[in-house]
Amino acid sequence: MAKEQKSKIGRYKPSNILFNLINYSFLTILTLVCFYPILHVILASISDPSLLIKHQGILLKPLGEASLNGYRLVFKDSSILVGFKNTLVYVGLGTAVNMIFTICGAYALSRRDLLFKGPVMLMITVTMFFGGGLIPWFLIMKNIGMYNNLAAMILPTALNTWNMIILRTGFQGLPYELEEAAIIDGAGQAQTLLKVILPLSKPVLAVIFLYYLVGNWNSWFNAMVLLADRELYPLQLLLKEILVMNDTSMSSVGSAGGVSINSVQGATAYRELVKYCVTVIATLPILCVYPFLQKYFVKGVYVGSIKG
Amino acid sequence: MNERIDMKAPETKKKEKRFTKDAIRKDFKKNWFAYLLLVPIIIWYLVFCYAPMGGISIAFKDFKPLLGFARSKNVGFKHFIDFFTGPYFFRTVKNTFLLNLWGLALGFTAPIILSLLLNEVKNMKFKKLVQTITYMPHFISLVVICGMIHIFTQPGGIVTQLVDAITGTSHGSLLGFASMFRPIYTISGIWQNVGWDSIIYLSAMSSIDPGLYEAADIDGAGRFKKMIHITIPQIMPTIMILFIFAVGGLMASGHEKIILLYNSLTYETADVIATYVYRRGLQEASYSFSTAVGLVSSIVNFLLLYITNKIAKKHTDVYVF
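Just so we're clear, the structure is a prediction, and the values are computed from it rather than from any experiment.

Parameters at a glance
- Residues numbered from 1 in each chain as written.
- Chains lettered and ligands numbered in written order.
- Predicted model: local features only at pLDDT ≥ 70, side-chain atom pairs only at ≥ 80, totals over all residues.
- Helix = DSSP H or I, 4+ residues; strand = E, 2+ residues; numbered from the N terminus.
- Buried ≥ 20, exposed ≤ 12 C-beta atoms within 10 Å, placed from the backbone.
- Contact = placed C-beta atoms within 7 Å.
- Core = buried A, V, L, I, M, F, W, Y, C linked by C-beta atoms within 7 Å.
- Axes fitted to C-alpha atoms, helices over the stretch in contact; angles between N-to-C directions.
- Parallel < 35°, antiparallel > 145°, perpendicular 65-115°, else oblique.
- Nonpolar A, V, L, I, M, F, W, Y, C, P; charged D, E, K, R; others polar.
- Expected span 1.5 Å × (residues − 1).
- Arc of directions from axis to C-beta.
- Left-handed = near helix turned anticlockwise from the far one by under 90°.
- pLDDT = per-residue confidence, 0-100.

**What about the overall build of chain A?**
Item 1. Secondary structure assignment for chain A yields 14 helices and zero strands.
Item 2. Each helix and strand of chain A, placed in order from N terminus to C terminus, yields the pattern α-α-α-α-α-α-α-α-α-α-α-α-α-α.
Item 3. For chain A, buried positions account for 34% of its 308 residues.
Item 4. Sequence separation of at least 24 residues holds for 73% of the intrachain contacts in chain A that already meet a minimum separation of 6.

Dropping the structure here:
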């Protein structure tokens, strides 16, 4: 009782109010600064391009009349569509392979009486500290036929050691009695894995599934190094050409179906607009699901930190 | 991780007894399913991790793709000597070190400060909102992040205008200035990671015994005092572990973000060992030379991690391995 009163008095001390004031305003500003770039890109993508190219400073609402013309242009571009489709394939296949590999490894290494667990763990841990480096890795990938091949986007990243260790920790945390009970009921080892262990590990599975999903969606470097054929490019790599290398030679821009662009200046303005639109297209799927999945992502850090 | 080391000693003694033919047969019979699932995993590690490690041998050869790994000519330490005496040795080493030092000074401390401030926020809704938004950039792809940096630092971009106003001179594109590269790289890195990296500190703070704060209340400590004398010492082990890794990574650098941000105008400050390896190796196909450069860098990294860990072990009771 006395303690409660004390802290209540403490709450209204001037120094405390000042502390709160500074703390809350600082965090508010930080949050706004963190959020603004995303807002800016979204607002710019629906702005009038001719106003946008002349505009200086921050944006708090779309310039001119809000329109989706930029998006129309982007979705008329065949290379973007192909990239989008490629990304969906790589993310779908890649994440499926990721999950299968990770579950296999995590299950085997979570067995408490596995005789060769020590040597296998050592072999895996070593790779967390040493690696071949970029060039030997690239040459080996080329040697085993990963060059310019769909497999290049799936197999080299099939497993992430860190995620496997997170899942293994999850498996180890399950009460062994449940597994024992299943075996007494006559279930085989495969059945125990599928019917007992996996359903009980849904939260951890969700965490690593999301990590892989986001990783695959955002991946571009392996594609740049290993894919030569533009028909195989994922969306992120096309995005890199448009945003970073400033290559706006998108086929439709300038000749624009449906949107008439008369002058050279207009074409430049539309190119600028397209940059914002592709950025939004590549980011929105992640940002839309993100608020709902945030707690799972954060959980992964907690699980990982226990082991680390 | 330190737990495993403790267990190793008795194991080595028993080793001869453990791996007998009989024990192995029994183990395979009992755990055949686990071993079956382990097969693809081991193959994956051999092909995608260990084969490239074996490929390091080309650092000592004059690798010709047509001759392959085995038949390329041995040249000993030629490539290493070329790198150490070459014109880019000093520049790449200096840039790698400085860029990481900036990261250590600003990028490492920012999440600690954020977590301390968030820990003082009692309004849960506000806390949640700040967390949700500051975590967000972590999930945006690097390409998009760098695309945004390009947009904001182009002539007339928001950041360019801000910098122009502060310095009083008019810049074109900020990414064309060597002096701007480190600030842009580091500050955008904070934007990307400050929220996400604060999670681990917040989780450490959530496990602090509330009794400590109550005792401090009775002693009349204010909030700031409690932060300095309770919260920070309590999360110190977490800070130390991450610090060991950060110092161990002083000579390592991610090449992906730099590749997306640098250009020939900014090589002077932006070209690090990893990007040099990338350019020489993949763009100019000097495979052996760039492998040698990469090898030097990973050896130095491991040594740094080892030394920092050793120092930390000696002076505190926190260490990685």
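Still to come is the rest of the account.
**Looking at the overall build of chain B**
Item 1. When you go through chain B residue by residue, the secondary structure sums to 17 helices and two strands.
Item 2. Taken over the C-alpha atoms alone, chain B extends approximately 70 × 60 × 40 Å along its principal axes.
Item 3. Scored against the burial criterion, the 321 residues of chain B give a buried share of 33%.
Item 4. Taking the intrachain contacts of chain B between residues at least 6 apart in sequence as the baseline, contacts between residues at least 24 apart amount to 65%.

**Focus: the interface of chain B and chain A**
Item 1. Facing the 71 residues of chain B at the interface are 71 residues of chain A.
Item 2. The element that contributes the greatest number of residues to the side of chain B that touches chain A is helix α3 (residues 32–54) of chain B, accounting for 15 residues.

**Structural notes on the nonpolar core**
Item 1. In terms of nonpolar packing, the biggest core is built from 109 residues, with Tyr107(A) and Leu239(A) touching the most fellow members.
Item 2. With 10 residues, the single largest contributor to this core is helix α5 (residues 78–110) of chain A.
Item 3. With residues near it in sequence (within four places) discarded, Tyr107(A) still touches Phe171(A), Leu193(A), Ile197(A), Ala34(B) and Leu37(B).
Item 4. In this structure, Leu27(A), Ala110(B), Tyr201(B) and Ile235(B) belong to the second largest nonpolar core, which totals 14 residues.

**Looking at the packing of helix α13 (residues 235–243) of chain A against helix α9 (residues 142–153) of chain B**
Item 1. Relative to each other, α13(A) and α9(B) sit at 10 degrees, their axes nearing to 10 Å. Relative to α9(B), the element α13(A) is oriented roughly parallel. Seen from α13(A), the contacting residues are Gln236(A), Leu239(A), Lys240(A) and Leu243(A); seen from α9(B), they are Val143(B), Val144(B), Gly147(B) and His150(B).
Item 2. Its residues placed into classes, the contact of α13(A) with α9(B) shows four nonpolar, three polar and one charged.

**So, the environment of Leu88(A)**
Item 1. On the secondary structure map, Leu88(A) appears in helix α5.
Item 2. Along the backbone, Leu88(A) and Ile183(A) are 95 residues apart, and their C-alpha atoms lie at a distance of 39 Å.

**Some details on helix α8 (residues 161–172) of chain A**
Item 1. End to end, α8(A) covers 16 Å across 12 residues, agreeing with the expected 16 Å (1.5 Å per residue, within 8%).
Item 2. When we look at burial in α8(A), the residues that qualify are Asn163(A), Met164(A), Ile165(A), Ile166(A), Leu167(A), Arg168(A), Gly170(A) and Phe171(A).

**A short note on helix α10 (residues 189–200) of chain A**
Item 1. Here α10(A) spans 15 Å end to end across 12 residues, near enough to the 16 Å set by a 1.5 Å rise per residue.
Item 2. Looking only at α10(A), the buried set comprises Gln189(A), Thr192(A), Leu193(A) and Ile197(A). Buried residues of α10(A), viewed axially, fall in a sector of 95 degrees; they line one side. In α10(A), the exposed positions that point more than 90 degrees away from the buried face belong to Ala190(A), Lys195(A) and Pro199(A).
Item 3. Along its buried surface, α10(A) packs onto α5, α8 and α9 (176–184) of chain A together with α3 of chain B.

**With respect to the packing of helix α6 (residues 117–129) of chain A against α3(B)**
Item 1. In contact at an axis separation of 11 Å, α6(A) and α3(B) are set at 35 degrees when each is read in the N-to-C sense. Our pair here, α6(A) against α3(B), has a crossing hand that is left-handed. Between α6(A) and α3(B), the contacting residues are Val120(A), Met123(A), Ile124(A) and Thr127(A) on the first element and Leu38(B), Ile42(B), Tyr45(B) and Cys49(B) on the second.

**Examining unusual backbone geometry**
Item 1. With a phi angle near 55 degrees, Asn148(A) is a residue other than glycine that sits in the positive phi range.
Item 2. Within the secondary structure layout, Asn148(A) lies in the loop between α7 (134–143) and α8.
Item 3. Even without being a glycine, Ala285(B) presents a positive backbone phi close to 60 degrees.
Item 4. If you trace the backbone, Ala285(B) turns up in the loop between α16 (273–283) and α17 (287–315).

**Here we look at the confidence of the model for chain B**
Item 1. Averaged over every residue, the pLDDT of chain B is 88; the share at 70 or more is 94%.
Item 2. In the model, residues 1–15 of chain B has pLDDT below 50 throughout and makes four contacts with residues more than four positions away in sequence or in other chains.

**Some points on the environment of Thr153(B)**
Residue and element names in this part refer to chain B.
Item 1. When you line up the elements, Thr153 lands in helix α9.
Item 2. On the neighbour-count criterion, Thr153 (24 C-beta atoms within 10 Å) is buried.
Item 3. Sequence-wise, Thr153 and Ser173 are 20 residues apart; in three dimensions their C-alpha atoms are separated by 5.8 Å.
Item 4. Dropping the residues within four chain positions of it, Thr153 is found in contact with Val159, Thr160, Ser173, Leu174, Leu175 and Ile184.

**Overview of the confidence of the model for chain A**
Residue and element names in this part refer to chain A.
Item 1. For chain A, mean pLDDT is 85; residues scoring 70 or higher make up 87% of the total.
Item 2. Below a pLDDT of 50 lies the segment residues 1–6, which in the model reaches three contacts outside its immediate sequence neighbourhood of four places, other chains included.
Item 3. Low pLDDT, under 50, characterises residues 251–259; the predicted model gives this stretch 23 contacts beyond four residues in sequence or across chains.

**Section: the environment of Val278(A)**
All names here are of chain A.
Item 1. Counting through the fold element by element, Val278 comes out in helix α14 (residues 264–307).
Item 2. Along the backbone, Val278 and Leu239 are 39 residues apart, and their C-alpha atoms lie at a distance of 6.9 Å.
Item 3. Residues contacting Val278, with those up to four places away along its chain left out, are Val74, Ile80, Leu239 and Ile242.

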